[in-house]
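Topology and contacts: notes
Listed below, chain by chain, are the residues.
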Amino acid sequence: MKFAYKFSNLLGTVYRHGNLNFTPDGNSLISPVGNRVTLIDLKNNKSETLSMATRYSITCVGLSPDGNLAILIDEEGAALLVSLISKSVIHQFHFQKPVRSISFSPNGKKFVITKDKVALMYHAPGKKREFNAFVLDTTYYGAYDETTCIDWTDDSKCFAVGSKDMSTWVFGAERWSNLIYYALGGHKDSIVSCFFEENSLDLYTISQDGALCVWQCDTELNGLKPRMPKQQTEDKEESTEDQEEEFTEEQQGKEVQGKVNENEQESRKKVKYSCAAKYFFNKEGDFNNLTTAAYHKKTHLLVTGFASGIFHLHELPYFNLIHSLSISDQKIASVSVNSTGDWIAFGCSGLGQLLVWEWQSESYVLKQQGHFNSMVSLAYSPDGQYLVTGGDDGKVKVWNTNSGFCFVTFTEHTSSISAVTFTSSGYVILSASLDGTVRAFDLHRYRNFRTFTSPRPTQFSSLAVDSSGEIVSAGSQDSFEVFVWSVQSGRLLDVRNRLSLVIVSNYLEALS
């Protein structure tokens with residue numbers, strides 16, 4: 001017998017690990033959930049999880065400027081090129097090693113990934129059919145430790161790469177005579193994020209210890225000069241091969257070898273940076289690590305997330321504090337700002353928490369959180385519209401199967417949930433827990449209106465309710481007893497001792 005089953009949606013969690021991305025229109029959010037990706041429509045309050053899946057958890061998501069293509073990269077460096085229009089996989093590729101970040105150029109012609117000590121620039125997949133969608137263009141060296149972040153200029157002429165060696169490198173995406181590479185220091189910890197100013201080569205660098213450096217460039221974007229053909233032949237002599245890594249695809253591309261110390265004659269004609277200001281997020285005696293950051297260039301809004309669950313909003317370049325708020329007990333793993341600069345998305349991997357906050361009105365657009373621990377039990381409502389789940393964290397969550405969101409969470413239990421069920425009416429939820437209670441929840445008023453207990457402490461492992469919804473029974477896992485209660489009065493009606501042993505003995509007698 002053949003069944004036409006196919007993947008529909010993913011419930012139970014909204015975020016696990018990786019970077020968040022807003023679509024170009026700013027109305028939808030792309031959230032990595034394990035080895036899948038969920039598209040959240042914030043306008044229509046719906047979520048949809050794509051059917052394709054990677055082998056391992058997704059760590060990087062790169063979205064094209066037009067919002068039609070996305071590159072999903074897992075923990076091992078395996079990538080999927082996905083069309084968000086047809087919601088299908090177009091191409092598969094393997095970068096051979098874990099990738100820390102990925103970013104498309106604003107014109108959509110190229111994209112850069114960072115892994116190990118290098119930055120690799122590829123030709124972005126076009127609208128035509130290609131045998132290999134990922135064609136390596138240039139390999140950029142220079143950092144002495146793992147590269148962490150990427151940011152492009154608005155005209156796609158240059159990009160910046162941050163590293164764990166406390167340096168930031170500015171590379172030319174094309175061969176410019178006055179800018180091939182430029183190394184920036186000034187930090188005492190690894191670089192978390194780097195951002196270009198709008199239509200400028202001015203740069204902001206942010207380190208893990210909460211330091212912000214403002215770099216001013218003496219050259220405008222239109223001041224970059226293309227290289228002459230004679231100078232291009234000299235580039236081959238300057239570039240050196242990497243002796244540690246050999247990639248079959250990368251050997252076809254060009255290489256740029258960055259050097260920290262340059263000759264004075266060479267540096268006179270090139271772009272120069274100067275540190276205009278340096279600011280610190282942490283106050284004296286506060287050692288709160290900065291974990292993520294996002295910058296909206298049009299509004300000059302900087303959003304920073306910290307390991308304590310606090311985020312700050314600053315206005316650059318004068319570092320004016322706009323807002324500060326604590327949203328979680330765990331570290332903020334990812335931050336993203338939509339195209340209009342009104343909505344800010346926060347992802348906390350420790351709690352599986354996803355928040356979308358409108359900073360001007362100081363209100364939540366979306367607030368979702370999955371189970372902290374494993375999900376133990378679940379049950380459908382009679383009409384199939386709702387789904388209730390119970391987890392080891394002691395929480396009972398009710399999900400809407402149409403939107404994919406959790407709309408109520410009950411936290412009255414103090415231990416793991418062992419069983420959940422609906423009554424025939426669909427408006428009452430019953431849950432059994434290892435804390436020794438069975439609780440009834442009302443979906444009209446969203447409250448715990450009845451609590452059933454046993455005469456002596458016991459742990460309940462199973463649960464059942466009759467068709468009328470007036471009688472509920474639960475089985476204990478330590479004393480092999482079944483307790484029966486009345487839902488309306490909450491009274492204990494009956495206790496059946498060692499029922500499972502009696503049934504087993506009768507079954508063995510029948511066999512003999």
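Residues numbered from 1 in each chain as written. Predicted model: local features only at pLDDT ≥ 70, side-chain atom pairs only at ≥ 80, totals over all residues. Heavy atoms only, no water.

Across its full length, the protein chain holds three helices and 41 strands. Buried residues in the protein chain amount to 51% of all 512 residues. Sequence-distant contacts, at least 24 apart, represent 44% of the contacts inside the protein chain between residues at least 6 apart. Surface exposure of the protein chain reaches about 25,200 Å², of which carbon and sulfur atoms provide 47%. (Helix = DSSP H or I, 4+ residues; strand = E, 2+ residues; numbered from the N terminus. Buried < 20%, exposed > 50% of the residue type's maximum accessible area, 1.4 Å probe, protein only. Contact = heavy atoms within 4.5 Å. Areas by Shrake-Rupley, 256 points an atom, 1.4 Å probe, with all protein chains shown as cover.)

Moving on, we get to the pairing of strand 18 (residues 203–207). In regular strands, side chains alternate between the two faces of the sheet. Buried residues dominate strand 18, accounting for five of its five residues. The two faces of strand 18 match: L203, T205 and S207 on one face and Y204 and I206 on the other face are all buried. Sheet topology places strand 17 (residues 191–196) next to strand 18; five bridges connect them, and they run antiparallel. Pairing of C194 across the sheet is with T205, part of strand 18. From the end of strand 17 to the start of strand 18, which pair antiparallel, there are six residues, and N199 there has a positive phi angle of about 50°. Where strand 18 lies against strand 19 (residues 211–217), four bridges are found, and the strand directions are antiparallel. Across the sheet, residue I206 finds its bridge partner in strand 19, namely L212. Adjacent in sequence and paired antiparallel, strand 18 and strand 19 are bridged by three residues, among which G210 carries a positive phi angle near 85°. (Pairing = 2+ DSSP bridges.)

Moving on, we get to the environment of I85. Along the chain, I85 falls in the loop between strand 7 (78–83) and strand 8 (88–94). The class for I85 is exposed, based on a relative accessible area of 63%. Note: C-alpha distance between I85 and G67 (18 residues apart in sequence) is 8.9 Å.

Moving on to the pattern of salt bridges. If the charged atoms of two oppositely charged side chains come close together, the side chains can form a pair. Scanning the model with the defined rule gives 10 salt bridges in all. Between K97 and D116 there is a salt bridge, and its shortest N-O distance comes to 3.0 Å. In this pair, K97 sits in the loop between strand 8 and strand 9 (101–104) while D116 sits in the loop between strand 10 (110–115) and strand 11 (118–123), placing the two residues 19 residues apart along the sequence. K97 gets classed as partly exposed once you look at its relative accessible area, which sits at 31%. Residue class for D116 comes out partly exposed when judged on its relative accessible area of 27%. Of the charged contacts in the structure, one is a salt bridge between E481 and R456, with a shortest N-O distance of 2.5 Å. Highlighted residues: E481 in strand 40 (residues 481–486) and R456 in the loop between strand 37 (447–453) and strand 38 (460–465), separated in sequence by 25 residues. Judged by its relative accessible area of 47%, R456 is partly exposed. (Salt bridge = Lys/Arg side-chain N within 4 Å of Asp/Glu carboxyl O.)

Counting 21 residues, the largest nonpolar core has I71, I73, F95, F111, I113, Y122 and F134 as its most contacted members. Judged by nonpolar contacts, the second largest core, of 19 residues, contains I191, L203, C217 and L224. (Core = buried A, V, L, I, M, F, W, Y, C linked by side-chain atoms within 4.5 Å.)

All right, on to the packing of aromatic side chains then. All told, the structure shown has 30 aromatic pairs when counted by the stated rule. Arranged with centres 5.1 Å apart and planes meeting at 70°, the rings of F281 and F319 form a pair that is edge-to-face. One end of the pair, F281, is in the loop between strand 21 (273–280) and strand 22 (290–296); the other, F319, is in the loop between strand 24 (310–315) and strand 25 (320–326), with 38 residues separating them in the sequence. Exposure remark for F281: the relative accessible area of 10% places this residue in the buried category. (Phe/Tyr/Trp six-rings, centres within 6.5 Å; stacked < 30°, edge-to-face > 60°.)

A few words now on the confidence of the model for the protein chain. Close inspection of predicted coordinates is inappropriate in any region flagged by low pLDDT. Predicted confidence across the protein chain gives a mean pLDDT of 86, with 87% of residues reaching 70 or more. Taken as a whole, residues 236–251 scores under 50 in pLDDT and shows 24 contacts with residues more than four places along the chain or in a different chain. Within the model, the stretch residues 499–508 combines pLDDT values under 50 with three contacts to residues more than four positions away or in other chains. (pLDDT = per-residue confidence, 0-100.)

To continue, consider unusual backbone geometry. Look at the link from L316 to P317: it is a cis peptide, with omega at 10°. Phi at N199 is positive, roughly 50°, even though this residue is not glycine. Relative to the assigned elements, N199 resides in the loop between strand 17 and strand 18.

The next thing to look at is the sheet that holds strand 15 (residues 168–172). Pairing is antiparallel across the open sheet formed by four strands, whose spatial order is 13-14-15-16. Strands with a single pairing partner mark the edges of an open sheet, and in this sheet they are strand 13 (147–152) and strand 16 (181–184). Going from strand to strand, the sheet's axes swing by 20° on average, the running direction of each strand aside. Of the strand pairs in this sheet, strand 15 and strand 16 are connected by four bridges, and their pairing is antiparallel. Bridging across to strand 16, F171 finds its partner in Y181. (Axes fitted to C-alpha atoms, helices over the stretch in contact; angles between N-to-C directions.)

Strand order in the open sheet formed by five strands is 9-10-11-12-20, with mixed pairing between adjacent strands. The sheet is open, and its two edges are formed by strand 9 and strand 20 (254–257), each paired on a single side. Ignoring which end each strand starts from, the neighbouring axes of this sheet average 20° apart. When strand 11 meets strand 12 (residues 135–141), the two strands line up antiparallel, connected through five bridges. For A119, the partnering residue across the bridge sits in strand 12 and is Y140.

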